[in-house]
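# Results of the structural survey
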Amino acid sequence: SVNATYRWMIRDGLRRMRMAMDNTIFWIYQFNLVGVVEAINPRLTIYECPEEAAEFTTKPRLRRYVQEMDAALCRRADVVIVPNPVLHETRQAIAREIHMLPWAADIEHYNQAMNPELRIPDDISGIRRPIIGFCGNIDPCRFDVDLVLILARRHPEWSIVLIGRLLATFDSRPLQQTPNIHLRSMKPLEELPAYIKAFDVCTIPYLVNGFTRSITPLKLMEYLATGKPVVTTALPAALMYPEVIRTAATPDEFEAHVGDALADPLKGIKERLAVAQENNWDHYMKRKTAIVAAHLKNVEL
């Protein structure tokens with residue numbers, strides 16, 4: 001097996017180099033590295049599971065392999081860290097110790113969208129308001145084309161702006177053929193606050209499926225940091241913040257939430273900014289290191 005090969009190669013390499021790694025700490029993000037852990041047998045193993053990797057494939061055999069490797073690593077690791085309640089629920093029964101720690105964002109960077117002196121880029125500044133916006137990859141496994149088309153057709157007075165990379169497998173023709181949908185290519189990170197400044201409502205129009213149920217989009221906190229109203233489909237990660245994020249289970253609900261946000265865009269802005277500030281990278285790393293530091297008290301290094 002792959003794990004047996006990993007174990008043999010690593011142990012042989014360490015033997016040849018006459019090295020011991022008894023006092024190491026392993027911090028792992030890759031689901032299939034349980035063989036490496038077993039070969040080295042570190043004093044402390046931390047596994048961060050960011051999403052349901054098995055949902056990346058539809059091949060039953062490969063899916064089963066990913067699930068087995070992930071489960072083995074969850075059982076073997078001393079600490080498992082996940083970003084949302086779905087991953088926590090599916091792994092808490094097998095993990096020795098598990099913590100839920102949602103992703104953070106560069107809050108100060110996205111706060112720039114509120115700067116009155118920040119210039120909106122030329123390729124979006126002339127688009128008619130209101131602008132219903134999205135930033136991110138646009139692909140067939142997560143992006144809900146039908147939802148976006150429904151919104152565009154019901155509200156020709158809305159401009160829907162989609163900023164992001166179109167994956168090769170994605171058929172963008174229905175979007176391109178709709179007059180009030182505007183596609184823009186992926187922009188550099190440093191320019192995103194200027195683009196989001198033009199949005200009246202920030203959205204995440206994702207399908208809710210096995211894959212998206214397990215993800216925690218970084219844009220949740222990035223959007224909140226701009227102060228703009230946020231509307232998403234009913235992703236479990238978004239449902240964690242009902243006080244500041246409007247979530248919709250149907251196209252009708254999504255449409256209504258966007259309408260409410262447009263009617264009173266400043267409502268809840270203080271709360272949105274406060275939640276974003278609580279989830280900056282500094283606070284995130286303090287929480288994470290506290291989890292590990294508490295565990296290290298019981299580990300002799």
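Scroll up to find the structure this text is about.
An account of the accompanying structure is given in this report. Just so it is clear, the structure is predicted and the values come from calculations on it, not from any experiment. (Residues numbered from 1 in each chain as written. Predicted model: local features only at pLDDT ≥ 70, side-chain atom pairs only at ≥ 80, totals over all residues. Heavy atoms only, no water.)

Aromatic ring pairs are reported here in terms of the distance separating the ring centres and the angle at which the planes meet. Applying the stated criterion to the full structure yields 6 aromatic pairs. Measuring from ring centre to ring centre gives 5.4 Å for Phe134 and Phe143, while their planes differ by 65 degrees; the resulting arrangement is edge-to-face. By the burial criterion, Phe134 is buried, and Phe143 matches it. Between Phe143 and Phe170, the ring centres sit 6.1 Å apart and the planes meet at 90 degrees, which makes this aromatic pair edge-to-face. Residue Phe143 is found in the loop between β5 (131-135) and α7 (145-154), and its partner Phe170 is found in the loop between β6 (159-163) and α8 (173-176); the two are separated by 27 residues along the sequence. (Phe/Tyr/Trp six-rings, centres within 6.5 Å; stacked < 30°, edge-to-face > 60°. Buried < 20%, exposed > 50% of the residue type's maximum accessible area, 1.4 Å probe, protein only. Helix = DSSP H or I, 4+ residues; strand = E, 2+ residues; numbered from the N terminus.)

To continue, consider the nonpolar core. Membership of the largest hydrophobic core comes to 55 residues, with the highest contact counts inside it found for Ile124, Phe143, Leu175 and Phe199. For this core, the element with the most residues is α7, which contributes 6 residues. Not counting chain neighbours up to four residues away, the residues in contact with Leu175 comprise Phe143, Val145, Val148, Leu149, Leu162, Phe170, Ile181 and Leu183. The next biggest cluster of nonpolar side chains, apart from the first, holds 21 residues, and it includes Phe31, Ile40, Tyr47 and Ala72. (Core = buried A, V, L, I, M, F, W, Y, C linked by side-chain atoms within 4.5 Å. Contact = heavy atoms within 4.5 Å.)

Here 4 strands make up an open sheet; going across it, the order is β1-β2-β3-β4 and the pairing parallel. With one partner strand each, in any of the chains shown, β1 (25-28) and β4 (98-100) form the two edges of the open sheet. In this sheet, adjacent strand axes meet at a mean angle of 15 degrees when their direction is disregarded. Sheet topology places strand β3 (residues 79-82) next to β4; 3 bridges connect them, and they run parallel. Bridge pairing in β4 links Val80 to Ile98. Most of the contacts of helix α3 (residues 60-76) go to strand β2 (residues 44-48), to which it runs at about 140 degrees, and overall it touches β1, β2 and β3. (Pairing = 2+ DSSP bridges. Axes fitted to C-alpha atoms, helices over the stretch in contact; angles between N-to-C directions.)

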